[in-house]
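What follows is each chain in one-letter form.
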Amino acid sequence: MSGATGDIGLIGLAVMGQNLILNMNDKGFTVVCYNRTTSKVDHFLENEAKGTKVQGAHSIQELCAKLKRPRKIILLVKAGPAVDDFIKQLEPYLEQGDIVIDGGNSHFPDSIRRTKELESKGLLFVGSGVSGGEEGARYGPSLMPGGSPAAWDSIKEIFQKTAAQVEGDPCCDWVGETGAGHYVKMVHNGIEYGDMQLISEAYDILKRGLGLSEDEIADIFFKWNKGVLDSFLIDITANILKFKDDDGEPVVSKILDQAGQKGTGKWTAINALDAGMPVTLIGEAVFSRCLSALKAERTRASKVIAGPQKETFRGDKQQFIDDLEQALYASKIISYTQGFMLMRETAKELNWNLNYAGIARMWRGGCIIKSVFLGDITSAYTKTPALESLLFDDFFNKAVHKAQPGWRRIIAQAVLWGIPTPAFSTALAFFDGYRSEIVPANLLQAQRDYFGAHTFRVLPGKENAKFKAGEDIHVNWTGRGGNVSASSYVA
Ligand code: NBP
């Protein structure tokens, strides 16, 4: 409508919404805001947004009337039914080509559904991952938009200017079709779970294994933050370890060891199981949080189940710390390898054209997993866009080979100490499995055929008159069963 001056509308004036509005305002865009509880609109305009170009609306109709066409409206509300409710409320006031953007933590199947529903009505939908929490929203988040491709041209300038910038590149690009934006954000969160778990295991080894203090461990993390592990999470970990309570004790040592979770790591692990992809590190990170939650049971167990006798470390401490840095680095390479394998498989299944170099670039800044390491992943996928696995890239191939001896020594020592390293260990188990031409699945197949007549295929080179290539073979292992193979029972 004529007279409309709003570049973009935003619904949801909680922490994310308010900060993103102020960020977009700083970048020169006129934002019109609305919230279910409309008193929050007035409060925001009179306080945080005072003196800015931000406009308020007290109804959905007023919001839509204040926006230039095509309208662009971001929802930053609680994921779930609230998103569908607002879409329903918006529809009567939208016109062909208008764009609804969901910036909340929605599950990607919902975004696939919403894209289809809105496109069938002539509207466009974007499901965008927004990462970086409050600080990111205010000063530059990592933005991962996907959905209706026709929407990208209209939102590109606002999104790329609002996003974090690393070496002149915005941490935002078009991710892909339908639910691809929220999907990539979900995998990002899963990887975040993995990174946090790996860092926690390194802390545990340094504390319970080497017996170092929080201050000493912080100094190690500060040093690591200048090398290959340079990242936001290593940096904040060092700061956390240095942080003292009034009595001089580190605050971290006063925190109950029971981890919470909001579910995006679990979604990633479930998606990996559904896709049949071995994303073991994120799985272990989720299960470790589950184990941590069993505090009462663990406390009881600690009294009645003894581990190995703790022996004082007699080796070279600095060598051990260097090994640990390499173990953390190698495990991180495996975690990202697995994450990108999962995205590749899902993209194949859902017909998405994911740009892997672009995804790594989007994660370089503005988000929780931001790191220098993501620059190396960007380079790997820029060089070879169809790269099957990061482990086939020269840089990462050399890096894991270099890290391997120390990585193995750390896990071996942790096992002897009885300190759990589920993420380090599963990374190494994946690495050893992935590089094995032969794995013991031949025996599994024999067992399945023995008890359930599930059949097997012959190993190339071992064909004979009974065992023919490409045939489903059943053997009468006991002489008692028949020669009929199973088609329905699955084990
Ligand atoms: P919240 O997730 O706490 O949501 C608060 C907003 O949702 C308010 O505007 C509230 O309106 C509205 N809302 C709720 Br709650 N239930 C509603 C309903 N049934 N119908 C309509 N509106 C409803 O806010 P947030 O922490 O700013 O997060 C916003 C989104 O961004 C979420 O999806 C979140 O998962 C995601 N996210 C958050 C972070 C973070 O660090 N916090 C990071 C990345 C993504 P009201 O004022 O009327 O109650």
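Residues numbered from 1 in each chain as written. Predicted model: local features only at pLDDT ≥ 70, side-chain atom pairs only at ≥ 80, totals over all residues. Heavy atoms only, no water.

- Looking at an unreviewed UniProt entry, one finds the chain named 6-phosphogluconate dehydrogenase, decarboxylating, with Heliocybe sulcata as its source organism.
- In its Subunit (unreviewed entry) section, the UniProt entry covering the chain states "Homodimer."
- Within the UniProt record for the chain, the comment given under Sequence similarities (unreviewed entry) is "Belongs to the 6-phosphogluconate dehydrogenase family." (UniProt positions renumbered as here; feature names shortened; annotations may be inferred.)

Side note on unusual backbone geometry
- Residue Pro70 is reached from Arg69 by a cis peptide bond, and omega for that bond is -15°.
- Position of Pro70 among the secondary structure elements: in the loop between helix H3 (60-65) and strand E4 (72-75).
- The phi dihedral of Glu167 falls on the positive side, at around 50°, and the residue is not glycine.
- Mapped onto the fold, Glu167 is located in the loop between strand E8 (165-166) and strand E9 (169-170).
- Positive phi outside glycine occurs at Thr455, with the angle close to 70°.
- By secondary structure assignment, the location of Thr455 is in the segment after helix H19 (441-452).
- Taking the relative accessible area as the measure of exposure, Thr455 reaches 10% and is therefore buried. (Helix = DSSP H or I, 4+ residues; strand = E, 2+ residues; numbered from the N terminus. Buried < 20%, exposed > 50% of the residue type's maximum accessible area, 1.4 Å probe, protein only.)

Considering the packing of aromatic side chains
- Considering all chains together, one arrives at 23 aromatic pairs under this definition.
- Summarising the aromatic geometry, the rings of Trp152 and Trp174 are spaced 5.7 Å apart at their centres and angled 35° between planes, so their arrangement reads as tilted. Here Trp174 lies in the loop between E9 and strand E10 (176-177) and Trp152 lies in helix H7 (residues 152-162), a separation of 22 residues in the sequence.
- Residue classification places Trp174 among the buried residues on the basis of a relative accessible area of 16%.
- Ring centres of Phe373 and Phe396 lie 5.6 Å apart, and the angle between their planes is 75°; this geometry places the pair in the edge-to-face category. With Phe373 in helix H16 (residues 373-383) and Phe396 in helix H17 (residues 394-417), the pair connects residues that are 23 residues apart, well separated along the chain.
- Owing to a relative accessible area of 1%, Phe373 belongs among the buried residues under this scheme.
- Ring-pair connections join several aromatic residues into one group, and the members of that group are Tyr329, Tyr336, Phe373, Phe395 and Phe396. (Phe/Tyr/Trp six-rings, centres within 6.5 Å; stacked < 30°, edge-to-face > 60°.)

Quick look at the pairing of E4
- Covered by surrounding structure in E4 are Lys72 and Ile74 together with Ile73 and Leu75, the residues of both alternating faces.
- As paired elements, strand E1 (residues 8-11) and E4 share three bridges and run parallel to each other. Residue pairing across strands places Ile11 opposite Leu75, the latter belonging to E4.
- With helix H4 (residues 81-90) bridging E4 and the parallel strand E5 (residues 99-102), this β-α-β connection has right-handed handedness. (Pairing = 2+ DSSP bridges. Right-handed = clockwise from strand over helix to strand, strands pointing away.)

Considering the environment of Gly9
- With respect to the helices and strands, Gly9 occurs in strand E1.
- The spacing of Gly9 and Ile21 is 12 residues in sequence and 9.0 Å in space, taken between C-alpha atoms.
- In this structure Gly9 touches Val32, Leu63, Leu67, Lys72, Ile73 and Ile74, once residues within four positions along its chain are discounted. (Contact = heavy atoms within 4.5 Å.)

Quick notes on the packing of helix H8 (residues 180-209) against helix H18 (residues 422-434)
- One way to put it is that H8 packs onto H18 with a least axis distance of 8 Å and a crossing angle of 115°. It follows from the interaxial angle that H8 and H18 lie roughly perpendicular. Along its contact with H8, which presents Gln197, Leu198, Glu201, Ala202 and Ile205, the element H18 presents Pro422, Ala423 and Phe424.
- Its residues assigned to classes, the contact of H8 with H18 shows six nonpolar, one polar and one charged. (Axes fitted to C-alpha atoms, helices over the stretch in contact; angles between N-to-C directions. Parallel < 35°, antiparallel > 145°, perpendicular 65-115°, else oblique. Nonpolar A, V, L, I, M, F, W, Y, C, P; charged D, E, K, R; others polar.)

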